[in-house]
Amino acid sequence: MTNVPFNPSPKSLSSGVEKSSGVVDQRGRGIRDLRISVTDRCNFRCVYCMPKELFGSDHAFLPRAELLNFEEIERIARAFASLGVTKLRLTGGEPLVRKELETLISQLAVIPGIDDVSLTTNGSLLTLDKGRALKDAGLKRLTISLDAVTEEVFSAINDVKFPVAKVLGAVDNALAAGLDPIKVNMVVAKGMNEEEILPMVRQFKGTGVILRFIEFMDVGNTNGWKLDRVVSAREIVETIASEFPVEPLNANYPGEVASRWKFSDGSGEIGVISSVTKPFCSSCTRARLSAEGSVYTCLFASEGTDLRALVRSGASDDELRDAVQNVWSHRDDRYSELRSDATVDLPKVEMSYIGG
Ligand code: SAM
Ligand code: SF4
Ligand code: SF4
């Protein structure tokens, strides 16, 4: 873990970035959203995220005592909110393997300044009752990951033979619980599921579900990433347009990571996230908190800063806030813009650990 010296008034180095009322980093970026990984465990073994060879039955996941408990997560989230964070997203690992997640959501939803609590899940544990409990607790938005609708393709990706129908059932459960609009995320990688782009569009077009395509990213060190496996956002849109005409839409808000497209026949919209071919570092206002309480200022960071030790040593709210401010004010990350640079060889933290 790194410790950086305290610098209360960082200098803004860039323009054109929405300024936060709280802290800004070395590139003038405020801190607006926090992704919270609530567990490093998952019941899937997606080949691009937690390949079985590396996350086998002997893999050492974090012992329970090392995970932040809900009170600790809430305290840290409050510190982030006091510095400008308005959106929280729970992720993992698979966040729904963490028991009583709705209790955490109800704690987070009432934090002053927080106007949006969302969740990314593989959908495997999303029953109707769970959907209702999440909604009642204050969950605002839900993203379900699904990388294929063809059984064999999906099975080969999740690598635990999890059926497509159950994830589609989770989408229905979420809608029935009033958790709409739902987004469905599909990571696209060459040789894995590029043939599934059109079947996925056929499945969700006209249902109100917003399908989002994500370029395969070089997160972590274990997923066998190579540039030639990336299906670019442009290729994805061209593939869709070959059957379903689409037109570009404006962003919902400055710094939105997905480019938005609407079907020309008015039957809904899709999003495409071009993290590799069109990086959005200059407007990146996102921090990440790992399940064991380290804060990372970039998805591709190799080191985080431990906040759990501070929380467990009895630090005051002001001390916690200062620590977060200190980390953010020193932030200079723009990994995706530098991808071709030498930094690419640095060991990076795994996606299942830090959260997507
Ligand atoms: N288990 C949950 C799920 O799958 O939705 C939450 C955690 S998962 C790490 C969050 C998101 O990251 C998923 O949509 C997943 O497909 C995506 N993801 C994982 N590895 C990725 C990679 N190398 N490139 C792009 N997206 C990735
Ligand atoms: Fe689990 Fe999500 Fe990673 Fe798949 S992408 S292995 S569901 S954490
Ligand atoms: Fe943000 Fe890092 Fe991704 Fe750039 S590479 S958009 S700084 S998380």
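About the thresholds
- Residues numbered from 1 in each chain as written.
- Chains lettered and ligands numbered in written order.
- Predicted model: local features only at pLDDT ≥ 70, side-chain atom pairs only at ≥ 80, totals over all residues.
- Heavy atoms only, no water.
- Near = heavy atom within 4 Å.
- Nonpolar A, V, L, I, M, F, W, Y, C, P; charged D, E, K, R; others polar.
- Pairing = 2+ DSSP bridges.
- Helix = DSSP H or I, 4+ residues; strand = E, 2+ residues; numbered from the N terminus.
- Core = buried A, V, L, I, M, F, W, Y, C linked by side-chain atoms within 4.5 Å.
- Buried < 20%, exposed > 50% of the residue type's maximum accessible area, 1.4 Å probe, protein only.
- Phe/Tyr/Trp six-rings, centres within 6.5 Å; stacked < 30°, edge-to-face > 60°.
- Lys NZ or Arg CZ within 6 Å of the ring centre and 35° of its normal.

*Asks:* Quick rundown of the site of ligand 3? Include the residues and the values.
*Replies:* Neighbouring residues of ligand 3: Phe-280, Cys-281, Cys-284, Arg-288, Cys-298, Leu-299, Phe-300, Arg-331, Asp-333, Tyr-335 and Ser-336. Tallied by class, the residues present in the shell around ligand 3 amount to seven nonpolar, one polar and three charged.

*Asks:* Explain the sheet that holds strand β8 (residues 258-263) to me, using residue names and the numbers behind them.
*Replies:* Reading across from one edge, β7-β8-β9-β6-β5-β4-β3-β2-β1-β10-β11-β12 is the order of the 12 strands in this open sheet, with mixed pairing throughout. Looking along the sheet, the strands with just one partner apiece sit at the ends: β7 (246-249) and β12 (305-306). Both strand β11 (residues 294-296) and β12 contribute to a ladder of two bridges, which runs antiparallel. Counted as the bridge partner of Val-295 is Thr-305 from β12.

*Asks:* Hey, could you go over the nonpolar core for me, with residue numbers and the actual values?
*Replies:* Grouped together as the largest cluster of nonpolar side chains are 92 residues, with contacts concentrated most on Phe-80, Leu-108, Phe-213 and Ile-240. Among the elements that make up this core, the one with the highest residue count is helix α1 (residues 70-81) (seven residues). Among the nonpolar cores identified, the runner-up in size contains 10 residues, and Val-276, Phe-300, Ala-301 and Tyr-335 belong to it.

*Asks:* Give me the lowdown on the packing of aromatic side chains, citing residues and values where you can.
*Replies:* For the structure on display, the rule yields four aromatic pairs. Geometrically, the ring pair formed by Phe-244 and Phe-263 is edge-to-face, given 6.2 Å between the ring centres and 75° between the ring planes. One end of the pair, Phe-244, is in the loop between α7 (233-241) and β7; the other, Phe-263, is in strand β8, with 19 residues separating them in the sequence. When its relative accessible area of 4% is taken as the criterion, Phe-263 is described as buried. Here the aromatic residues Phe-44, Phe-154 and Phe-162 are joined through ring pairs into a cluster of three or more. Looking at Lys-205, its charged tip hangs above the ring of Phe-263, at a distance of 5.1 Å from the centre.

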